[in-house]
Amino acid sequence: MTLRIEDYGIVGDLQTVALIGRDGSVDWLCLPDIDDPACFAALLGDESHGHWRVAPSSGGGCTRRSYRGETLVLETEWETPEGHVRVTDLMPPRGRTPDLVRIVDGLRGRVSMLSEFVPRFDYGHVVPWITRADTLLGSRRSDTVGAVGGPDALSLSTSVPQEVSATEGIVRSRFEVAAGDRVAFVLSHHPSNEPEPPPVDPDRTLADTLDFWSDWVGQTAYDGDWPEAVRRSLITLKSLTSAPTGGIAAAATTSLPELVGGVRNWDYRYCWLRDASFTLLALLGTGHTSEARAWREWLLRTVAGDPSQLRIMYGLDGRRRLPETTLDWLPGYEGSAPVRIGNGAADQLQLDVWGETLVALHLARSNGVQEDVDTWNLQRAMLDFLEGHWDDVDNGLWEVRGPRQPFVHSRVMAWAGVAAMIRASEKFGLEGPVDRWRSLRETIRTDVLTRGYDAERNTFTQFYGSDGLDASLLLIPRVGFLPWNDHRVVGTVEAVQRELSQDGLLLRYHTHADDRVDGLPGEEGTFLICSFWLVDALHGIGRDDEARALFERLLGLRNDLGLLAEEYDVTAGRQLGNVPQAFSHVGLVNSARILSGIRGPGTRTAGMKEHPEE
């Protein structure tokens, strides 16, 4: 049976992420980087599309699993009639090559184990050529197999014998572990035209990886409520960052469905400027400024040139072209087809991205990220573009594939971008036509209040003239556009909660409203970051007990490892969408900070005043 999305845990090396199920199987891993083709793709098909299981021969799900302390080292245990065994999985922060280390420890009795290694390059499409060699694994002679296909090569080393079935393209190891026994496996990737790298020492690598994550978490500055949940979400967000480039992925997977069996299946393994900006709010607000500095440098390199050519998303290395194609040989998660790679939304116009990026750069500056002239020049150029285009129709933050519309959120975020520039000039003495910017800020504000608000219903609408609502309207007071006690804000919060709620959690919008505004068939689950926005909004309008109750409920939707996907199906009681989803974990961190009364980044955009008229 296909595992549920919440049955997966992750390990990663700050360049890619592996998904490991409760059955001990690695069912998703892209190498060498998170947006490269997968060598294990069973997540979107079946075992024949690539997996690597290390588990008791008797099979079945684990008895328990957890991360070792506040790290990204995963421990999975099975208690069987024969004994008790633990598999420790980790990916050390990358050195020369990406490595996945799996260590089997016997804890009690004697347990028969099976390693079944089924590599399939190019998302399950290419069966590799299997080769054999002998190397050293630590101080011991190891049995090593290689898998080669096109540009990619893998090597798997272990101290136990490996049986190769060349016709099947499968490598199996059958072995037993008694109490005190340890068997390690090391999987490494390298370009097929280069020599096979020597395997890393498993024990030393484990110690180094534990130290790395403990040191990183030790830099966290957070003294609010729910500290363990917040730190686990921060670790998850860190796992989605690219150490070499500074880019931040929106999620580790592609094509996990927004409704099982549906067609709303998208590739999220790229860096959305919006998602990265939100992620920076959470990291900056908890003391992690180095990520903001790295992202700013990534941004300066990536968007260099004409601001009118700004893309809403890029590859983690900064590449612009992300053509959307389908992989017809993969049936999709639980039959949810098509499976897509690339993302056609990369070509969309989403005006809110300009505002969110300007806000993120201002917040980085305000929180000690060293200033340089290139950053301010970039912001000036971005605002010049926004000044001439803020009232264009666009695709909005939800990337609708229907007709472009005058989305309220897009214009509010344009206002926030202008306001951030004014605040930056006032606070840091940065040069610019501030009087003109103030006039632009008021022009946008007046336009939104006049055309985006429905006085009869006492709510803002999804777009000008829309009958529908949008959960992003909850952000209007968060960016300082209106104060929380304004009757239009209170009315909007109440309307959004009333009309978009499914069993207390929020949809992004009704897909059927306004003649299917997003241009797509089918429905979707409740969107987790929208539900966190509702937490913040309820707190903002004085309904704190209700906000805390909703936050606690959202915490309960995490899996046993503290991970959240993009959405939640309240009917089936299961997670939906790509995982782990940065947006969802950003929502958790920022809501915890707000409910804990912590001010600063992420609570109010760009450090603006709570009441913009002040």
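Anyway, here's the lowdown on the structure attached to this text.

## As for the overall build of the protein
And then number 1: Scanning the protein from N- to C-terminus turns up 14 helices and 26 strands.
And then number 2: Whereas a compact globule of 614 residues would reach a radius of gyration of roughly 25 Å, the protein reaches 25 Å, a difference of no more than 12%.
And then number 3: C-alpha atoms of the protein, sized along the principal axes, occupy 75 × 50 × 45 Å.
And then number 4: Of all 614 residues assigned to the protein, the portion counted as buried reaches 64%.
And then number 5: Relative to all contacts within the protein whose residues are 6 or more apart in sequence, the contacts with residues 24 or more apart total 67%.
And then number 6: On the protein, roughly 21,000 Å² of surface is accessible, and the fraction owed to carbon and sulfur atoms is 48%.
And then number 7: The protein carries 61 positive and 89 negative side-chain charges, and their two centres are separated by 2 Å.

## Concerning helix H12 (residues 528-540)
And then number 1: Here H12 spans 19 Å end to end across 13 residues, near enough to the 18 Å set by a 1.5 Å rise per residue.
And then number 2: Counting buried positions over the 13 residues of H12 gives 11, a clear majority of the element.
And then number 3: Here H12 has its buried residues at Leu528, Ile529, Cys530, Ser531, Phe532, Trp533, Leu534, Val535, Asp536, Ala537 and Leu538.
And then number 4: One or two steps after H12, the chain reaches Gly542, where phi turns positive at roughly 95°.

## A look at the packing of aromatic side chains
And then number 1: Per the counting criterion, the structure on display carries 20 aromatic pairs.
And then number 2: Aromatic side chains Trp213 and Trp216 sit 6.2 Å apart centroid to centroid with 75° between the ring planes, which places their arrangement in the edge-to-face category. Taken as a pair, Trp213 and Trp216 lie in helix H2 (residues 202-217) at a separation of 3 residues, close to a single helical turn.
And then number 3: Judged by relative accessible area, which is 5%, Trp216 ranks as buried.
And then number 4: Measuring from ring centre to ring centre gives 6.3 Å for Phe278 and Trp533, while their planes differ by 35°; the resulting arrangement is tilted. Here Trp533 lies in helix H12 and Phe278 lies in helix H4 (residues 273-284), a separation of 255 residues in the sequence.
And then number 5: Judged by its relative accessible area of 5%, Trp533 falls in the buried class.
And then number 6: Ring pairs connect the aromatic residues Phe40, Trp52, Phe117, Phe175 and Phe185, which therefore count as one cluster.
And then number 7: Taking NZ or CZ as reference, Arg445 lies 5.6 Å from the ring centre of Phe481, over its face.

## A word on the sheet that holds strand S24 (residues 526-527)
And then number 1: Taken in spatial order, the 3 strands of this open sheet run S24-S25-S26, and their pairing is antiparallel. Either end of the sheet is taken by a strand with one partner, and the two such strands are S24 and strand S26 (574-576).
And then number 2: Bridging between S24 and strand S25 (residues 567-569) involves 2 bridges; their strand directions are antiparallel. Bridged to Thr526 within S25 is Tyr568.

## Remarks on the pattern of salt bridges
And then number 1: In this structure the tally under the stated criterion is 52 salt bridges.
And then number 2: When the shortest N-O distance is used, the salt bridge between Asp143 and Arg132 registers 2.8 Å. Highlighted residues: Asp143 in strand S11 (residues 140-149) and Arg132 in strand S10 (residues 129-137), separated in sequence by 11 residues.
And then number 3: A relative accessible area of 12% places Asp143 in the buried class.
And then number 4: Residue Arg132 is classed as partly exposed on the basis of its relative accessible area, which comes to 47%.
And then number 5: Residues participating in the shared-partner salt-bridge network are Asp23, Glu47, Arg53, Glu116, Glu168 and Arg172.

## Thoughts on the side chain of Gln462
And then number 1: For Gln462, the location among the structural elements is in the loop between strand S21 (459-460) and helix H10 (487-500).
And then number 2: Here the side chain of Gln462 touches Asp470 through a polar contact of 3.1 Å, side chain to side chain.
And then number 3: Dropping the residues within four chain positions of it, Gln462 is found in contact with Phe407, Val408, Gly468, Leu469, Asp470, Leu473, Tyr509, Asp514 and Val517.

## A look at unusual backbone geometry
One can expect most non-glycine residues to show negative phi and most peptide bonds to be in trans.
And then number 1: Following Leu31, the chain continues to Pro32 via a peptide bond in cis, the omega torsion being 5°.
And then number 2: Structurally, Pro32 can be placed in the loop between strand S3 (25-30) and strand S4 (38-40).
And then number 3: Looking along the chain, the bond that leaves Ala337 and enters Pro338 is cis, with omega of 5°.
And then number 4: Along the chain, Pro338 turns up in the loop between strand S18 (325-326) and strand S19 (340-341).
And then number 5: Backbone geometry places Leu14, a non-glycine residue, at a positive phi of 70°.
And then number 6: One can find Leu14 in the loop between strand S1 (8-12) and strand S2 (17-21).
And then number 7: By relative accessible area, Leu14 is classed as buried at 6%.
And then number 8: For Tyr123, which is not a glycine, the phi torsion comes out positive at approximately 60°.
And then number 9: Its place among the elements puts Tyr123 in helix H1 (residues 121-124).

## Let's talk about helix H8 (residues 408-428)
Every α-helix carries 3.6 residues per turn, so stepping three or four residues along brings you back to the same face.
And then number 1: The end-to-end C-alpha separation of H8 is 30 Å, in line with the 30 Å expected for 21 residues at 1.5 Å each.
And then number 2: Of the residues one or two after H8, Gly429 is the one with positive phi, at around 70°.

## Looking at the environment of Phe460
And then number 1: Locating Phe460 in the fold gives a position in strand S21.
And then number 2: Separated by 33 residues in the primary sequence, Phe460 and Lys427 have C-alpha atoms spaced 31 Å apart.
And then number 3: Here Phe460 is in contact with Val408, Val448, Leu449, Gly452, Tyr453, Leu469, Leu473, Ile476, Leu482, Arg488 and Thr492, once residues within four sequence places are set aside.

## Quick look at the pairing of strand S15 (residues 182-191)
And then number 1: With respect to burial, S15 is a largely interior element, 8 of its 10 residues being buried.
And then number 2: Examined bridge by bridge, strand S9 (residues 99-118) and S15 share 7 bridges and lie antiparallel to one another. Residue pairing for S15: Ile103 is matched across the bridge by Ala184.

## Things to note about the packing of helix H13 (residues 544-555) against helix H14 (residues 582-595)
And then number 1: Following both chains from N to C, one finds H13 and H14 inclined at 150°, their axes separated by 11 Å at the closest point. Relative to H14, the element H13 lies roughly antiparallel. Remark: the crossing between H13 and H14 carries left-handed chirality. Residues Asp544, Ala547, Arg548, Phe551 and Leu555 of H13 touch H14, and the partners they reach there are Leu588, Ser591, Ala592 and Leu595.
And then number 2: Here the residues of the contact of H13 with H14 sort into 6 nonpolar, 1 polar and 2 charged.

## A closer look at the nonpolar core
And then number 1: Grouped together as the largest cluster of nonpolar side chains are 196 residues, with contacts concentrated most on Trp52, Val104 and Trp295.
And then number 2: Sort the elements by how many residues they give to this core and H8 lands first, with 12 residues.
And then number 3: Filtering out sequence-adjacent residues up to four positions away, Val104 remains in contact with Val54, Val85, Arg86, Val87, Met113, Phe175, Val177, Asp181, Arg182, Val183 and Phe185.
And then number 4: Within the second largest apolar cluster, 8 residues are counted, among which are Leu90, Val101, Ala184 and Val186.

Analysis parameters
- Residues numbered from 1 in each chain as written.
- Predicted model: local features only at pLDDT ≥ 70, side-chain atom pairs only at ≥ 80, totals over all residues.
- Heavy atoms only, no water.
- Helix = DSSP H or I, 4+ residues; strand = E, 2+ residues; numbered from the N terminus.
- Rg over C-alpha atoms; globule rule 2.2 N^0.38 Å.
- Buried < 20%, exposed > 50% of the residue type's maximum accessible area, 1.4 Å probe, protein only.
- Contact = heavy atoms within 4.5 Å.
- Areas by Shrake-Rupley, 256 points an atom, 1.4 Å probe, with all protein chains shown as cover.
- Lys, Arg positive; Asp, Glu negative; His and termini not counted.
- Charge placed at Lys NZ, Arg CZ, Asp CG, Glu CD.
- Expected span 1.5 Å × (residues − 1).
- Phe/Tyr/Trp six-rings, centres within 6.5 Å; stacked < 30°, edge-to-face > 60°.
- Lys NZ or Arg CZ within 6 Å of the ring centre and 35° of its normal.
- Pairing = 2+ DSSP bridges.
- Salt bridge = Lys/Arg side-chain N within 4 Å of Asp/Glu carboxyl O.
- Polar contact = N/O pair within 3.5 Å; in protein donor to acceptor, adjacent residues only side chain to side chain.
- Axes fitted to C-alpha atoms, helices over the stretch in contact; angles between N-to-C directions.
- Parallel < 35°, antiparallel > 145°, perpendicular 65-115°, else oblique.
- Left-handed = near helix turned anticlockwise from the far one by under 90°.
- Nonpolar A, V, L, I, M, F, W, Y, C, P; charged D, E, K, R; others polar.
- Core = buried A, V, L, I, M, F, W, Y, C linked by side-chain atoms within 4.5 Å.

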